[in-house]
Amino acid sequence: MNLHDNLVSELENIVGKDYVLTKKEQIEPYLYDETFVATSIKPSTNCIVVKPINAEQISKIVKLANDSKIPVYPRGGGTGVVAASVPTKDGIIISLERMKKVEIDKDNMMAIVEPGVTLEEFGKIVTSAGFIFPPYPANEQASMGAITVNNSGGARAVKHGVMRHHVKGLEVVLPTGEILNLGGKLIKDNVTSSLIQLIVGTGGILGIVTKTTVKLLPKPEYQLTLLVPFNNRHDAFSAVAPILSSGIEPLSLEYVENKCMDISAKDLGETWYTDIPGPVLLLIQLAGKKDVVFNEAEKASEFCIEHNSLEPRIAEGSEENRVWKIRKNVLAALKPLSSDVLDVTVPPAQMGKLADELDRIASKYNTEIPAYGHAGDGNIHPHILRKDLENCEKIRNEIYEATLSLGGVITGEHGIGKARVKEFYKFVDPKVIELISGIKKLFDPNNILNPNTIVG
Ligand SMILES: Cc1cc2nc3c(=O)[nH]c(=O)nc-3n(C[C@H](O)[C@H](O)[C@H](O)COP(=O)(O)OP(=O)(O)OC[C@H]3O[C@@H](n4cnc5c(N)ncnc54)[C@H](O)[C@@H]3O)c2cc1C
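The following refers to the structure shown. Keep in mind that what you see is a predicted model, and the values were worked out from it rather than measured.

For the structure shown, the criterion picks out two cavities of 30 Å³ or more. When its volume is computed, the largest cavity comes out at roughly 60 Å³. Taken together, Tyr-136, Pro-137, Ala-138, Gly-154, Ala-155, Glu-254, Trp-324, Arg-327, Lys-328 and His-374 make up the lining of the largest cavity. Considering each element in turn, the lining of the largest cavity owes the most residues, three residues, to helix α11 (residues 317-328). Along the lines of polarity and charge, the residues of the lining of the largest cavity split into five nonpolar, two polar and three charged. Lining the second largest cavity we find Val-341, Asp-343, Tyr-400, Ile-410, Thr-411, His-414, Gly-415, Ile-416 and Arg-420. Here the lining of the second largest cavity is composed, by residue class, of four nonpolar, three polar and two charged.

In structure tokens, the structure reads:
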């Protein structure tokens, strides 16, 4: 397909000459995301990048593309790990990077945020207004538009849920170019089945999000993190469900391994503790009124010791921030050592069994499977090492099979994108796939929006 006949000038008419990129070196940074080596996908390089400023411009671009059946690829921060934003056909990459407006409504405790705002930028604005925005994927360069359509999660999902629990309204450009407004600053909306909930979590194949209305929460008075060491994975994972059913409500409940934290700390030029008396840890973050937080910390410490933990310690203030900075960097720090990162989720009470399965599979392939993640919601990220690239598919499939046998699913937050389509077809009920494909056709009859992603 020759994309350049007339198309460039038509796009320039819509967004302005400065916001259409056609040169190879300009386009290159928009062709890849953070997908690991085992599942990386070769992009089509015959693409044009456009940078619209509002929904009206996007609508015109999409109408133009739909009329000529040209694929369009929305792009946020490019931090996805399942090649979702990678263009696999000649087409138009719509970069949302210029759409940066944020409106905070303090009275309704809501924000309306445009898709190009990064999580880091949004976090700063929300915090300075006295609120928190709980969804917290570990990459702060992720964009709010992508966090919306990917239903991103992160460490705080154990207490506050994932993105879909916070989205109250959407402005979306459909693949046919119409602009759709859904919901608003509403706590209740029972008019019909929720199209918001359909669009959130379908990975950007049904529409391009141009505004998201999200619920905010008041900033807690105080917070701290307990570092709770254990002698092995099984004990740490097995303590999760009892902690949660004890009445303690952590803001985050993460599982980490000292080795991974050490690699991550070194990657940042920091140091990880050398005196932690066990190879693995739970990080239990507590937030709320100061006296309540300290009471809960005491209760949680005693409770963990009853469940085979070693002596916990507390990180507060800047030390707590340092611990979380190191935790958030683990995926990136392990990437050069890894073939793939998985994102499996099981019911929290099955975590101990999942730990045993990871150990069994690692020993079968005479290797290690480092893991970390959101233990409180049963969502763990096992890494398949770079040295196991040849066996990567077998190891991955065995982990997926073990996960499904424990009542789990193959992804809790990273999604299917383009990198996990084969596994989507292998591990998901064909009827579900048929229904999702039908919904995709209804929204996008010409399959122009992000083709080869999930279905289509
Ligand atoms: C170090 C690291 C840590 C991570 N930690 C987490 C974590 O804790 N939790 C988690 O959930 N994820 C995590 N991720 C994955 C990633 O950050 C999320 O999937 C995030 O939502 C991607 O945002 P992005 O802006 O980079 O999206 P991109 O990679 O640019 O795009 C992702 C998908 O969204 C689509 N898209 C982008 N913007 C729009 C829009 N406005 N409308 C419609 N579709 C759109 C794209 O077409 C693509 O399909 C992590 C990734 C890394 C590299």
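When charged atoms on two side chains of opposite charge get close, those side chains can pair. Following the criterion strictly, the structure yields 28 salt bridges and no others. In this structure, Glu-434 and Lys-431 form a salt bridge, with 3.1 Å as the shortest nitrogen-oxygen distance. Separated by three residues within a single helix, Glu-434 and Lys-431 lie in helix α16 (residues 430-443), roughly one turn from each other. On the basis of relative accessible area, Glu-434 is assigned to the partly exposed category, the value being 48%. Since its relative accessible area comes to 45%, Lys-431 is described here as partly exposed. What you see here is one network of salt bridges that share partners, running through Glu-270, Glu-319, Arg-322 and Lys-325.

This part covers the layout of surface pockets. Reported here for the second largest pocket is a volume of approximately 680 Å³. Lining the second largest pocket we find 24 residues, and of these Thr-127, Tyr-136, Glu-140, Arg-156 and Gln-223 sit closest to its centre. Those elements giving two or more residues to the lining of the second largest pocket turn out to be α4 (119-128), β7 (131-132), β12 (222-230) and α11. Each residue belonging to the lining of the second largest pocket can be placed in one class, and the counts come to 11 nonpolar, six polar and seven charged. Looking at which domains feed residues into the lining of the second largest pocket, each of domain 2 (102-218) and domain 3 (222-331) supplies at least three.

Positive phi, normally seen in glycine, also occurs at Lys-69, with a value near 55 degrees. Residue position: Lys-69 is located in the loop between α3 (55-68) and β3 (72-75). Overall, Lys-69 belongs to the exposed group, its relative accessible area being 52%.

The next point concerns the site of the ligand. For the ligand, the set of nearby residues contains 35 residues, the closest of which are Pro-74, Gly-76, Gly-77, Thr-79 and Ser-143. Within the backbone of Ala-138, one N or O atom sits 2.9 Å away from an oxygen atom of the ligand. Taking Gly-203, its main chain carries an N or O atom lying 3.4 Å from an oxygen atom of the ligand. Those elements giving two or more residues to the shell around the ligand turn out to be β3, α5 (144-149) and β10 (208-215). The dominant element in the shell around the ligand, judged by the number of residues it contributes, is α5, at four residues. Of the residues in the shell around the ligand, the class split is 13 nonpolar, 19 polar and three charged.

This part takes up the packing of aromatic side chains. Per the counting criterion, the structure on display carries six aromatic pairs. Taking 5.1 Å as the distance between ring centres and 75 degrees as the angle between the ring planes, the aromatic pair formed by Phe-122 and Phe-133 counts as edge-to-face. Of this pair, Phe-122 sits in helix α4 while Phe-133 is found in the loop between β7 and α5, placing the two residues 11 residues apart along the sequence. Like Phe-133, Phe-122 is buried. Their ring planes at 70 degrees and their centres at 4.3 Å tell us that Phe-237 and Tyr-255 sit as a pair that is edge-to-face. Placement of the pair is Phe-237 in helix α8 (residues 233-245) and Tyr-255 in strand β13 (residues 252-257), with a sequence separation of 18 residues. Under the relative-accessibility criterion, Phe-237 is labelled buried at 1%. The cationic tip of Lys-290 hangs over the ring face of Tyr-222; the distance from NZ or CZ to the ring centre is 4.7 Å.

Thresholds, definitions, all that
Residues numbered from 1 in each chain as written. Predicted model: local features only at pLDDT ≥ 70, side-chain atom pairs only at ≥ 80, totals over all residues. Heavy atoms only, no water. 1 Å grid on protein atoms, 1.4 Å probe; cavity = no way out; pocket = protein on both sides within 12 Å on 5 of 7 lines; lining within 4 Å. Points joined across faces, edges and corners; volume = space filled by probe spheres on them. Helix = DSSP H or I, 4+ residues; strand = E, 2+ residues; numbered from the N terminus. Nonpolar A, V, L, I, M, F, W, Y, C, P; charged D, E, K, R; others polar. Salt bridge = Lys/Arg side-chain N within 4 Å of Asp/Glu carboxyl O. Buried < 20%, exposed > 50% of the residue type's maximum accessible area, 1.4 Å probe, protein only. Domains from an automatic or database assignment. Near = heavy atom within 4 Å. Polar contact = N/O pair within 3.5 Å; in protein donor to acceptor, adjacent residues only side chain to side chain. Phe/Tyr/Trp six-rings, centres within 6.5 Å; stacked < 30°, edge-to-face > 60°. Lys NZ or Arg CZ within 6 Å of the ring centre and 35° of its normal.

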